[in-house]
Each structure stands twice: as structure tokens, then as C-alpha cells.
Amino acid sequence: MIVIPQLALNDGTKIPAVGFGTYKLNGRQGAKDIIRAIHNGYHFLDSAFNYENEGAVGEAVRQCGLSRDKIQITSKLPGRRQQYDQALVTIEESLYRAQLEYYDFYLIHWPNPLTGHYVEAWQALIEARKRGLIKSIGVCNFLPEHLDTLIQETGVTPCINQIELHPYFSQETQRAYNKKLGIVTQSWSPIGRANNMLQNPLIQEIADRYQRSIAQVILRWHIQLGAVPIPKATSDERQKENLALFDFELTQQDMDKIKELDKPDGRLKDQDPSRYEEF
């Protein structure tokens, strides 16, 4: 079994350096895929209210054979549920769906700044943590100004900021700001989705030299940036491959080459637009 290093968060919690994404893993088959991931060594599961699979995640945890305290689970508050009372009820509903007593992490899925309720949402997460419904709290897709507002208004700093991050969109400024505040960066879509990143010739050349897959090189790149990737995979082979990242290291030269792939606006243009709407 691969030993995954642990990262310390600003609230004293530790998390694995790689997690498992569950987006679109729903129902019976989704639960089976998640159980397989747990058996392959993933003990950090990333879900969300809007993924509509909290039930599958909870079922996988109950069936996997490991005790609840061996697995860390994240869910997320949707943008449309950010008013204080709504947020608290949504967190309770998240737990009822999963049939769990608590979430290890609960994140605000995005700031939804046009509605102006994300501070209320953050106050609700703080209260839910006091009530024991959540152990640690964080955010997704928050820019520096959103982070500053949360901290100024509540005095509580998120422990995680989960952002889109991959070689075409390296988010150097945001990562640096997260680090300055003591916030760990998590990477969603770490190897892209429905794009040509897995056929990129530069990354392929690097992968060939290390006798690794392109996905492994990209995930190792995340780790060496100090970010926590949360890849999704359903096959046994790919799940294992995505964890085999800790017996090699990219040189600084290779890190610099991958950095050159960054684009001014490298967001995944070919993603399903609903990926953003679901926040």
C-alpha cells in the first residue's frame, strides 16, 4: 500500500497530499467506484451538495470496511444556499443525505459575489463547526478580495481554498495569496477534463524520461507546487496510477518547462458550462 504524505492545515488538521474526486460518481455504480478508490488507498473523498452524490459517498464509506474516522469527507455549500439560515439547513440536509454524523470538511462552493451572502454563509459554517456538524471549514474559487473580506468580517481564516488548477491554468498569484494566508490550495480538474492536456507533447516527453504517464507527471507537478490534487478515476488501474506519485521527483527544469504551458486565460474552455453553474 502506498503511503501518502500528510499536509498540516492552519486549524491543526492534517490531510493526505492527494484526494479522490467524486464528481459524476452517482448511485450504485458510483458507490462501487468510490469503494474501489478507498481500497486502493484514497482516504480523502471530495463531494458537494450539487453533485447529488452525497448519498453514494456515505454508502461507500459504510460498505468499505474501514471505520469512519479513517476516512475524511468533504462536501460543499451551493451558491444559491448562502443565506445564514439556509446554509445551516443545507449542511444538515447534506449530512442526512449521506447518513453521516459529521463532515470532516465543508466548503463554500463559490463566493457568488453578486448576491453578497458569502460572509453569512461563512458565519453559518463557523456555527456548524461549533455544533459539531463539521470539523474543518474552507472555501472554493475564492479570490484574494473574497478571502480578505471573510477574515476581516469574522476573524476566521479558511483552511482550504479549492480552485481550478492545471498546467494550462497554474494560478500562480492565487496560490501565492493562499500560501501567504496559511491556506492550503486544493486543485479541482487537476489533469483537465475533455481537453488535450493528456496528449500534450511537452508533458509526454517529460513522462517518457521518467517512465511515467502524463497524468502522473501532472499530478506530481501539483504536489511539488504545494497543491493537493483531487483526481477522479473509475478504473482500478488509473486509481492506483494516480497515487503512485511519491517515488519520483520532477527536476526544477521540468517544473519550469511545464510552467511555460500556462496561458493568460487557461480555464478549461471545453468544459460543460454547467460545471460553473453548479456552484
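Just above sits the structure.
Quick caveat: nothing in here was measured; it's all calculated off a predicted structure.

A few points about the sheet that holds strand S5 (residues 72-77)
And step 1. Read from one edge of the open sheet, 8 strands run S3-S4-S5-S6-S7-S8-S9-S10, paired in parallel fashion. Of all the strands in the sheet, the pair left with one neighbour each is strand S3 (20-21) and strand S10 (228-229).
And step 2. Across 2 bridges, the pairing between strand S9 (residues 184-188) and S10 is parallel. Paired with Ser-187 across the strands is Pro-229, a residue of S10.
And step 3. Together, strand S8 (160-164) and S9 form the strand contacts of helix H6 (residues 172-180), whose direction differs from that of S8 by roughly 175°.

A look at the side chain of Ser-94
And step 1. The residue Ser-94 is located in helix H3 (residues 84-98) in this model.
And step 2. Ser-94 sits in the buried class, given a relative accessible area of 0%.
And step 3. A polar side-chain atom of Ser-94 sits 2.7 Å from a polar atom in the side chain of Glu-54.
And step 4. Here Ser-94 is in contact with Phe-49, Glu-54, Ser-75, Tyr-103 and Tyr-106, once residues within four sequence places are set aside.

Describing the pairing of S5
And step 1. A large share of S5 lies buried, amounting to 6 of its 6 residues.
And step 2. Of the strand pairs in this sheet, strand S4 (residues 44-46) and S5 are connected by 3 bridges, and their pairing is parallel. Residue pairing for S5: Phe-44 is matched across the bridge by Gln-72.
And step 3. Between S4 and its parallel partner S5, the chain crosses via helix H2 (residues 54-63), and the hand of that crossover is right-handed.
And step 4. With respect to chirality, the unit in which S5 leads through H3 into the neighbouring parallel strand S6 (residues 103-108) is right-handed.

Quick look at the packing of helix H7 (residues 201-210) against helix H8 (residues 214-225)
And step 1. For the pair H7 and H8, the least separation of the axes is 8 Å and the interaxial angle reads 95°. Judged on the interaxial angle alone, H8 and H7 are roughly perpendicular. Residues Ile-203, Gln-204, Ile-206 and Ala-207 of H7 form the contact with H8, whose own contacting residues are Ile-214, Val-217 and Ile-218.

A word on the nonpolar core
And step 1. If you look at the biggest cluster of nonpolar residues, it comprises 72 residues, and the most contacted ones within it are Ile-34, Leu-45, Tyr-106, Trp-122, Leu-125, Ile-134 and Leu-250.
And step 2. Of all the elements, helix H4 (residues 118-130) adds the most residues to this core, at 8 residues.
And step 3. Each residue touching Ile-134, except ones within four places of it in the same chain, is listed here: Ile-91, Tyr-103, Asp-104, Phe-105, Tyr-106, Leu-125, Ala-128 and Arg-129.

Here's the deal with the pattern of salt bridges
And step 1. The full count for this structure, using the stated rule, is 12 salt bridges.
And step 2. Where Glu-205 meets Arg-209, a salt bridge forms, and the shortest distance between an N and an O atom there is 2.7 Å. Taken together, the residues span about one helical turn, with Glu-205 and Arg-209 both in helix H7 at a distance of 4 residues.
And step 3. Relative accessible area serves as the criterion here: at 45%, Arg-209 is assigned to the partly exposed category.
And step 4. Arg-209 serves as the salt-bridge partner of Asp-254, at 2.6 Å between the closest nitrogen and oxygen. Highlighted residues: Asp-254 in helix H10 (residues 252-259) and Arg-209 in helix H7, separated in sequence by 45 residues.
And step 5. Here the residues in one salt-bridge network are Glu-205, Arg-209 and Asp-254, joined through shared partners.

Analysis parameters
Residues numbered from 1 in each chain as written. Predicted model: local features only at pLDDT ≥ 70, side-chain atom pairs only at ≥ 80, totals over all residues. Heavy atoms only, no water. Pairing = 2+ DSSP bridges. Helix = DSSP H or I, 4+ residues; strand = E, 2+ residues; numbered from the N terminus. Contact = heavy atoms within 4.5 Å. Axes fitted to C-alpha atoms, helices over the stretch in contact; angles between N-to-C directions. Buried < 20%, exposed > 50% of the residue type's maximum accessible area, 1.4 Å probe, protein only. Polar contact = N/O pair within 3.5 Å; in protein donor to acceptor, adjacent residues only side chain to side chain. Right-handed = clockwise from strand over helix to strand, strands pointing away. Parallel < 35°, antiparallel > 145°, perpendicular 65-115°, else oblique. Core = buried A, V, L, I, M, F, W, Y, C linked by side-chain atoms within 4.5 Å. Salt bridge = Lys/Arg side-chain N within 4 Å of Asp/Glu carboxyl O.

Scope: geometric values only; no functional claims are made or implied.
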